[in-house]
Amino acid sequence: MRKFLVVLDDSRECLNAMRFAAMRAANTGAGVQILSVIPPEEFNHWIGIGDLMREEARERIEAHYEVFAKWMRDRHAITPELVIREGEAVEQILQQVNEDPEVGVLVLGAASDKKGPGPIVSHMMKSSGTLPIPLTIVPGSMSKERLEAIT
């Protein structure tokens, strides 16, 4: 089965990327894989504190994921898969794409503010010609109705 890989983070544009991935998956018989990356700087503490912070980060991610997972199950009959990785976001996204042969499309949300689309989108756009899969960038300002119309 082909999967749409979407990145879960705290950005507003993440919501549109989730919507797009779920709707495309439902319309094409594919699956959704949700990837969340815990940055390494969160654990540069003593071992015991770093382990506790790592566990707290995982709990926050799982709670955030469950909101999207429930919506995908209820609205689109999609049960997404959660993958949590640790490290630099771009590196971990690329590793996930390369390690899971079922991932067929990477879906990212682009910020709509004046600072640009965001660091992950900016980096992936620069290397999009060498990615092993297609990259879909969903504008963060796109309406839910417009997303439904194009998926």
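Everything here concerns the structure above.
Computed from a prediction, not measured in an experiment: that's the story for all the values here.

Asks: Honestly, the nonpolar core in this entry has me stumped. Any pointers?
Replies: It is characteristic of soluble globular proteins that their nonpolar side chains tend to be buried jointly. Formed by 27 residues in total, the largest nonpolar core has its most connected members in Val 6, Leu 8, Met 18, Val 32, Ile 34 and Val 107. Contributions of two or more residues to this core are made by strand 1 (3–7), helix 1 (13–28), strand 2 (31–38), helix 2 (47–76) and strand 4 (103–110). The element that contributes the greatest number of residues to this core is helix 1, accounting for eight residues. Residues Val 37, Ile 93, Val 97 and Leu 108 belong to the second largest nonpolar core, which totals 16 residues.

Asks: Please clarify how the sheet that holds strand 1 should be interpreted in this entry.
Replies: Remark on secondary structure: sheet strands pair via backbone hydrogen bonds, oriented parallel or antiparallel. Pairing in this open sheet of five strands is parallel, and the strands run 3-2-1-4-5 from one edge to the other. Among the strands making up the open sheet, the edge pair consists of strand 3 (81–86) and strand 5 (135–139). The sheet shows a mean angle of 25° between the axes of neighbouring strands, taken without regard to direction. Examined bridge by bridge, strand 2 and strand 3 share six bridges and lie parallel to one another. If you follow Ile 38 over to strand 3, its bridge partner there is Glu 86. Docked against the sheet, helix 4 (residues 119–126) engages strand 4 and strand 5, running at close to 130° with respect to strand 4.

Asks: Looking at this structure, how should I read a negative patch on the surface?
Replies: On the surface, a cluster of negative charge is made up of Glu 55, Glu 56, Glu 59 and Glu 62. Among the structural elements, Glu 55 can be located in helix 2. Classification of Glu 55 as partly exposed rests on a relative accessible area of 41%.

Asks: Before we go on, may I ask you to explain the pattern of salt bridges in this structure?
Replies: Once their charged atoms are close, side chains differing in charge can pair, the charge on each being opposite to the other. Using the criterion set out here, one finds nine salt bridges in the structure. Here Glu 102 makes a salt bridge to Lys 3, at a shortest N to O gap of 3.3 Å. In this pair, Glu 102 sits in the loop between helix 3 (89–99) and strand 4 while Lys 3 sits in strand 1, placing the two residues 99 residues apart along the sequence. Its relative accessible area of 37% is what places Glu 102 among the partly exposed residues. Using a relative accessible area of 9% as the deciding quantity, one classes Lys 3 as buried. Glu 148 is the salt-bridge partner of Arg 75, the closest N and O atoms lying 3.7 Å from each other.

About the criteria used
Residues numbered from 1 in each chain as written. Predicted model: local features only at pLDDT ≥ 70, side-chain atom pairs only at ≥ 80, totals over all residues. Heavy atoms only, no water. Core = buried A, V, L, I, M, F, W, Y, C linked by side-chain atoms within 4.5 Å. Buried < 20%, exposed > 50% of the residue type's maximum accessible area, 1.4 Å probe, protein only. Helix = DSSP H or I, 4+ residues; strand = E, 2+ residues; numbered from the N terminus. Pairing = 2+ DSSP bridges. Axes fitted to C-alpha atoms, helices over the stretch in contact; angles between N-to-C directions. Contact = heavy atoms within 4.5 Å. Patch = residues over 30% accessible without salt bridge, like charges linked within 9 Å, V, L, I, M, F, W, Y side chains within 5 Å. Areas by Shrake-Rupley, 256 points an atom, 1.4 Å probe, with all protein chains shown as cover. Salt bridge = Lys/Arg side-chain N within 4 Å of Asp/Glu carboxyl O. Lys, Arg positive; Asp, Glu negative; His and termini not counted. Charge placed at Lys NZ, Arg CZ, Asp CG, Glu CD.

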